[in-house]
Amino acid sequence: MAKILGGLTSSHIPAIGNAIAKEMYEDPYWKPFFDGYPRVRAWLEEHKPDVAINIYNDHGLGFFLDKMPTFAIGAAHEYKNDDEGWGIPQLPPFPGDAKFSWHIIEHMVGNEFDITSCQELAVDHGFTVPMQLFWPGLEQNPNFPRAIPISANTVQHPIPTLKRALAFGRALREAILSYPENIKVVVLGTGGLSHQLDGERAGFINKEFDKMCMEKIVTDPDALTKISREELVLNAGAQGTEFLMWMMMRGALGDKVNLLHSNYHIPISNTASGLMLMECVN
Amino acid sequence: MEVDHHIHIPGTTLFDGTQAMKGFALNKMCYSFNWKVNRDEYLADPEAYFTKYGLNEEQKNACRAKNVLAMIAAGGNIYYLAKFAGIYKLTVQDVGAQQTGMTTEEFKEKLRRAAD
């Protein structure tokens, strides 16, 4: 049967992709950020997951406002990125696991999560940057896993609630654990932490709120479901709603987790960056 | 009757159904900038491109002025507007600075100070 090893969170700011392309690992601006990652890579090297379920939010590449799924699950054999309007380099296709995707889709809809299935899905920086951070070299990396993208809407209100995000993760956990193949799975929740790009409030960052979220997501994620969507915008910034992805990831890890590593750094681009590695206890 | 679904957060326009209806043409144009062929077509004749996507005068004026707050007021969504900004090589710090009335350096300093 499939096994969940643990969960990873990471910010996914597009500028990180540029910094990776330019190998700015020792640059004074970037070093405090990149220095968080070797511990997570060592864990991945040790445990070698076969599949990464990458929960991210599309920012206007894979989906447009003509049709905006609240939750979408990739069901493709491979996923491609694109330049997103900024000339981001074309990366080699990311291998998927379509059979496993359909198992998850069957289970989620059976459990009343009415998702959108995607046999083609262009993946943007929300998906690609964490893959580059966790598996440097991507397809050149001998431990590069197959990936299944799951995207939640944070582009357009109404966005899902934190409660629904956590419940989604818990249903995803059941879906993964009921898959009969002997594979090891890691779940990624990408995005955040606090930031706001738009309006006169642009540049808003809230260290205290982020730190509280990073603590509670380990010990008591249910407490975070009390935060309304508007309180989330107020406290985390308009784009800090990406914390939803972290909650979806957390739900998939089960009740108890061991926090093995975390890093928090302000600022990367306009954002407070957060990194966590949580290992499943059961 | 208009129903307001949201609390008011200063300096923040929640992009909801009301904004989505208002900004559809503008956001659709900006979405098209995902692809270089469209960026090239826009740069060759911005006015023709505005017309092709059916922008209203408010949206056209906001785009002509490259004024991000005006584009948001005209229904623009920041994720799509970022692709418009990309055409002019504006970073998110440049966009933040413009919206807050700072220089880009002042805006970057504001971000750094958030760590204190």
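Please refer to the structure placed before this passage.
So, here is what we can say about the structure in this document.

Moving on, we get to the overall build of chain A. Across its full length, chain A carries 10 helices and 10 strands. The C-alpha atoms of chain A give 17 Å as radius of gyration, which agrees with the globular expectation for 282 residues (19 Å, within 12%). Over its C-alpha atoms, taken along the principal directions, chain A stretches across nearly 50 × 40 × 40 Å. In chain A, the share of contacts with a sequence separation of at least 24, taken over all contacts with a separation of at least 6, comes to 81%. Computed over 23 positive and 34 negative side-chain charges, the separation of the two mean positions in chain A equals 6 Å.

Every contact between the two is made by 42 residues of chain B and, on the other side, 39 residues of chain A. When the two sides are added together, the surface that chain B and chain A hide from each other amounts to roughly 3500 Å², 60% of it contributed by carbon and sulfur. Among the residues chain B hides against chain A, the three largest losses belong to Tyr79(B), Tyr80(B) and Leu111(B). Together they make up 19% of the total. Seen at the junction of chain B and chain A, the total is one salt bridge. Residue Asp83(A) pairs with Arg39(B) through a salt bridge whose shortest N-O separation is 2.7 Å.

All names here are of chain A. The geometry of helix α1 (residues 14-21) relative to helix α5 (residues 125-134) is characterised by a closest axis approach of 9 Å and an angle of 40° between their N-to-C directions. Taken together, the axes of α1 and α5 are oblique relative to one another. Crossing geometry of α1 relative to α5 is assigned as left-handed. On the side of α1, the interface is formed by Pro 14, Ile 16, Gly 17 and Ile 20, while α5 contributes His 125, Val 129, Gln 132 and Leu 133. Here the contact of α1 with α5 is composed, by residue class, of five nonpolar, three polar and no charged.

Residue and element names in this part refer to chain A. Counting 62 residues, the largest nonpolar core has Ile 53 and Phe 100 as its most contacted members. Ranked by residues supplied to this core, first place goes to helix α6 (residues 162-177) with eight residues. Not counting residues up to four positions away in its chain, the partners in contact with Ile 53 are Phe 100, Ile 104, Ile 148, Ile 150, Leu 172, Ile 176, Val 185, Val 186, Val 187 and Leu 188. Core analysis: the second largest hydrophobic core is formed by 38 residues, Ile 16, Tyr 37, Ala 147 and Leu 277 among them.

On to the pairing of strand β8 (residues 184-190) of chain A. Residues and elements named next belong to chain A. In terms of residue burial, β8 counts as a mostly covered element, since six of its seven residues are buried. Where strand β1 (residues 3-10) and β8 come together, seven bridges link them in parallel fashion. Pairing of Lys 3 across the sheet is with Lys 184, part of β8. Direction of pairing for strand β2 (residues 51-56) relative to β8: parallel, over a ladder of five bridges. The partner of Ala 52 across the bridge, within β8, is Val 186.

Below, the discussion takes up the side chain of Asn153(A). Residues and elements named next belong to chain A. Mapped onto the elements of the fold, Asn 153 is located in the loop between β7 (146-152) and α6. With relative accessibility at 5%, the residue Asn 153 sits in the buried group. One polar contact links the side chain of Asn 153 to the main-chain amide nitrogen of Val 155, over a distance of 2.8 Å. In this structure the side chain of Asn 153 is engaged in a polar contact, spanning 2.8 Å, whose partner is the backbone oxygen of Gln 156. With sequence-adjacent residues up to four places away left out, Asn 153 is seen in contact with Met 68, Pro 69, Thr 70, Pro 158, Ile 159 and Pro 160.

Let us look at the packing of helix α4 (residues 98-110) of chain A against α6(A). Residue and element names in this part refer to chain A. In the contact formed by α4 and α6, the axes pass within 9 Å of each other and the chain directions differ by 125°. In terms of axis orientation, α4 runs oblique to α6. Viewed along their axes, α4 and α6 form a crossing whose handedness is right-handed. Here Phe 100, His 103, Ile 104, His 107 and Met 108 of α4 come into contact with α6, specifically with Phe 168, Ala 171, Leu 172, Glu 174, Ala 175 and Ile 176. Partitioned by chemical class, the residues of the contact of α4 with α6 number eight nonpolar, two polar and one charged.

The next thing to look at is the pattern of salt bridges. Residue and element names in this part refer to chain A. Across all of its chains, the model carries 16 salt bridges over all chains by this definition. With a shortest N-O distance of 3.0 Å, Arg 146 and Asp 97 are connected by a salt bridge. Here Arg 146, found in strand β7, pairs with Asp 97, found in the loop between β5 (94-95) and α4; they are 49 residues apart in sequence, far enough to count as distant. Take Asp 97: its relative accessible area is 11%, and that puts it in the buried class. As a salt-bridge pair, Arg 170 and Asp 222 come within 2.9 Å of each other at their nearest N and O atoms. On the criterion of sequence distance, the pair formed by Arg 170 in helix α6 and Asp 222 in helix α8 (residues 221-224) is long-range, its members being 52 residues apart. For Asp 222, a relative accessible area of 35% puts it in the partly exposed group.

So, about the environment of Tyr79(B). All names here are of chain B. With respect to the secondary-structure elements, Tyr 79 resides in helix α6 (residues 78-87). The exposure class of Tyr 79 is buried, given its relative accessible area of 7%. Taking C-alpha positions, Tyr 79 is 16 Å from Gln 98, a pair spaced 19 residues apart along the chain.

Criteria and thresholds
Residues numbered from 1 in each chain as written. Chains lettered and ligands numbered in written order. Predicted model: local features only at pLDDT ≥ 70, side-chain atom pairs only at ≥ 80, totals over all residues. Heavy atoms only, no water. Helix = DSSP H or I, 4+ residues; strand = E, 2+ residues; numbered from the N terminus. Rg over C-alpha atoms; globule rule 2.2 N^0.38 Å. Contact = heavy atoms within 4.5 Å. Lys, Arg positive; Asp, Glu negative; His and termini not counted. Charge placed at Lys NZ, Arg CZ, Asp CG, Glu CD. Buried area = accessible area lost by both parts, 1.4 Å probe. Salt bridge = Lys/Arg side-chain N within 4 Å of Asp/Glu carboxyl O. Axes fitted to C-alpha atoms, helices over the stretch in contact; angles between N-to-C directions. Parallel < 35°, antiparallel > 145°, perpendicular 65-115°, else oblique. Left-handed = near helix turned anticlockwise from the far one by under 90°. Nonpolar A, V, L, I, M, F, W, Y, C, P; charged D, E, K, R; others polar. Core = buried A, V, L, I, M, F, W, Y, C linked by side-chain atoms within 4.5 Å. Buried < 20%, exposed > 50% of the residue type's maximum accessible area, 1.4 Å probe, protein only. Pairing = 2+ DSSP bridges. Polar contact = N/O pair within 3.5 Å; in protein donor to acceptor, adjacent residues only side chain to side chain.

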